[in-house]
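# Reading the structure
Residues per chain, in single letters:
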Number of protein chains: 2
Amino acid sequence: LEVDTADEFESLAVSFNSLVSELEKKETIYREFGRLVDPKIRDEVLAGKVNATGAQHHGVVLFCDIADFTVLTERLNAEELITFLNAVLDRIVKTILANRGTVNKFMGDAILAFWNLPVETSDPELAALRCALQMQEEIDRFNEEFREIREKHSPPIPPVRIGIGLSAGKMIAGTVGAEQRREYTVIGSNVNLSSRLQQQTRISQTDLLVSSSIYDAICLYPPELRDEFEFIPYGKITLKGIAQPQAIYGVKRTKSYHPAPSVANMLIEEAD
Amino acid sequence: LEVDTADEFESLAVSFNSLVSELEKKETIYREFGRLVDPKIRDEVLAGKVNATGAQHHGVVLFCDIADFTVLTERLNAEELITFLNAVLDRIVKTILANRGTVNKFMGDAILAFWNLPVETSDPELAALRCALQMQEEIDRFNEEFREIREKHSPPIPPVRIGIGLSAGKMIAGTVGAEQRREYTVIGSNVNLSSRLQQQTRISQTDLLVSSSIYDAICLYPPELRDEFEFIPYGKITLKGIAQPQAIYGVKRTKSYHPAPSVANMLIEEAD
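Read on for an overview of the structure. (Residues numbered from 1 in each chain as written. Chains lettered and ligands numbered in written order. Predicted model: local features only at pLDDT ≥ 70, side-chain atom pairs only at ≥ 80, totals over all residues. Heavy atoms only, no water.)

### Focus: the packing of aromatic side chains
Remark: the centre distance and the inter-plane angle together describe each pair of aromatic rings, the angle taken between the planes. All names here are of chain A. For the structure shown, the criterion picks out 15 aromatic pairs over all chains. Chaining the aromatic ring pairs together yields one cluster made of Phe84, Phe142 and Phe146. The side chain of Arg42 reaches across the aromatic face of Tyr30, ending 3.6 Å from its centre. (Phe/Tyr/Trp six-rings, centres within 6.5 Å; stacked < 30°, edge-to-face > 60°. Lys NZ or Arg CZ within 6 Å of the ring centre and 35° of its normal.)

Right under this line is the structure:
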């Protein structure tokens, strides 16, 4: 809008132009909000659809962390460490988003993601398990690409390894906290289980452990889908803080599994 | 703005009114953004002041969680559990904000907060330690107020206990993650230490453990301030994932400590 010489038009135009600039700020705030909490959670909260009193939902939870990350924190300086961490997390986040997951939280070098929350997604167990295997592939690619940088250090920085725990079932989902400060969170024994499975990957010397609820859900799919995965039973294991011993499984991709294209250069469009 | 009958005024007024409604949305988005990530972090990120490549800062980190929360998850239904959790977290969050802390993350029943990050705050160790003691007082008040509700259950729900770990020192602060999804996070051995101290509160049968860096910082204050606190040395303890044995201290309030007023009905104004 051009500023007119007539007084009333002028003041209107000035207000209008400052409104337009405020609107641009609105878009920036909206976009940055989605980056810091996940666009799906942002939109559900803004639409008033998140139950502040909590509700039971079926969800799939993925816990992931970088093995021996504390060793890295002692060997790299602040800038190197964050650059390295962000390069790893970038692959992981893109893989989760490409597989329709919600990235709920970063805790240092750990990530909590889920499926079927806060919005319904089809085939959540299948999507999450494919995601977990693709995350391992992405880390292999990362280790190859960063080989030179890793080997420049003395002693060389070993390849990154990530441990993933995956479980499914009923859980409580909602915003917890106070009126002034709250977060979308999942709570319950099925959530704790996936965190315990992730910790167990270090003890079991494997990269991915899933609960029997994941195994059972995958078994219901037709052969051409379930044959993508080889389940390795680890027997019933007692996990800290979980009353009953749990049947747990390692998972590997089989020849029927079609490797996903790298997410390295993938552009993930945010649905507006 | 009234809609005029003249055509050009009319279309201008319609645009203007829809702009005003968009602006109201902007305020809602901005406010909700601050609730979900902390207003200080929101504003630093929007101002482009958060170093995406990470930087070393002096910070004070507080880890807190509710003892035996898993027992509660098995005894209460979804709605009761979230109501109970939110009543506890409401007190904790208000106490942290009233003591100038930043509430960084909720993880189920746990909270991570810090001082001197993302913006400088004066006397961060003193503010954090006073906060920790006030949090314990608030939980005592909560247990009294909820006594009737707790005792209605059979068997009665025992009083809530929270465990707090507090440490200070250099840490890496910045946004980690990917372009599409990232979070403001602190990383480093001083961060891990406060998490380990919190876990140690269960083993040491105490409610609050602090590092020697907190003890040393408080000792530099004049007597009338440092005499608010009684430090109980627990000796040097080896903590999981931390190379050197650490001198750790329990802390109690003394007679010189002036009990803070309850935050229950406190209204915390957001600085705009």
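### Digging into the environment of Gln246 of chain B
Residue and element names in this part refer to chain B. Assignment of secondary structure puts Gln246 in strand β8 (residues 246-253). On the basis of relative accessibility, which here comes to 17%, the residue Gln246 falls in the buried class. Taking the C-alpha atoms as reference points, Gln246 and Val14, 232 residues apart in sequence, are found 67 Å from one another. (Helix = DSSP H or I, 4+ residues; strand = E, 2+ residues; numbered from the N terminus. Buried < 20%, exposed > 50% of the residue type's maximum accessible area, 1.4 Å probe, protein only.)

### Observations concerning the state of the cysteines
All names here are of chain B. All chains considered together, the criterion is met by 0 disulfides over all chains. Take Cys64: it sits in no disulfide, and the sulfur closest to it among the cysteines is that of Cys131, at 9.2 Å. Its relative accessible area of 1% is what places Cys64 among the buried residues. Judged by relative accessible area, Cys131 falls into the buried class, the value being 0%. (Disulfide = S-S within 2.5 Å.)

### Quick word on empty space enclosed by the protein
Inspection of the entire model under this criterion finds 3 cavities of 30 Å³ or more. Of the volumes computed, that of the largest cavity is approximately 190 Å³. Together, 16 residues line the largest cavity, and Leu36, Val37 and Glu183 of chain A together with Leu36 and Glu183 of chain B are the ones closest to its centre. For the lining of the largest cavity, the elements supplying multiple residues, two or more each, are α1 (7-37), β2 (102-107) and β5 (182-187) of chain A together with α1 (7-37), β2 (102-107) and β5 (182-187) of chain B. Taken as a whole, the second largest cavity holds about 40 Å³ of empty space. At the level of secondary structure, the elements contributing two or more residues to the lining of the second largest cavity comprise β4 (162-177) and α7 (189-203) of chain A. (1 Å grid on protein atoms, 1.4 Å probe; cavity = no way out; pocket = protein on both sides within 12 Å on 5 of 7 lines; lining within 4 Å. Points joined across faces, edges and corners; volume = space filled by probe spheres on them.)

### Side note on the pairing of strand β4 (residues 162-177) of chain B
Residues and elements named next belong to chain B. The buried count for β4 comes to 15 of 16 residues, which makes it a mostly enclosed element. Relative to β4, strand β1 (residues 55-66) runs antiparallel, the two being bridged by 12 bridges. Bridging across to β4, His57 finds its partner in Met171. Sheet topology places β4 next to strand β6 (residues 208-211); 3 bridges connect them, and they run parallel. Directly across from Ile164, in β6, lies its bridge partner Leu208. As judged from the 6 bridges shared by β4 and β5, these two strands associate in the antiparallel manner. Within β5, the residue paired with Ala173 across the bridge is Val186. Between β4 and β5, which pair antiparallel in sequence order, lie 4 residues. (Pairing = 2+ DSSP bridges.)

### Some points on the interface of chain A and chain B
Taken together, the contact between chain A and chain B spans 63 residues of the former and 63 residues of the latter. Across the chain A/chain B interface, buried area totals approximately 6100 Å², and carbon plus sulfur atoms make up 69% of it. Applying the counting rule to chain A against chain B returns 6 salt bridges. Note that Arg182 of chain B and Glu32 of chain A form a salt bridge whose closest N and O atoms lie 3.1 Å from each other. (Contact = heavy atoms within 4.5 Å. Buried area = accessible area lost by both parts, 1.4 Å probe. Salt bridge = Lys/Arg side-chain N within 4 Å of Asp/Glu carboxyl O.)

### Things to note about the relation of the copies chain A and chain B
With an RMSD of 0.1 Å, the operation that places chain A on chain B is a rotation of 180 degrees combined with a shift of 0.1 Å along the axis. This pairing of chains is accounted for by a two-fold axis. Distance from the rotation axis, computed per C-alpha, reaches its smallest value in chain A at Lys26 of chain A: 2.5 Å. Looking at chain A, 100% of its interface residues are interface residues in chain B too, so the copies touch through the same face. (Least-squares fit on C-alpha atoms with pLDDT ≥ 70 in both.)

Note that all results are geometric; they support no functional claim without further evidence.
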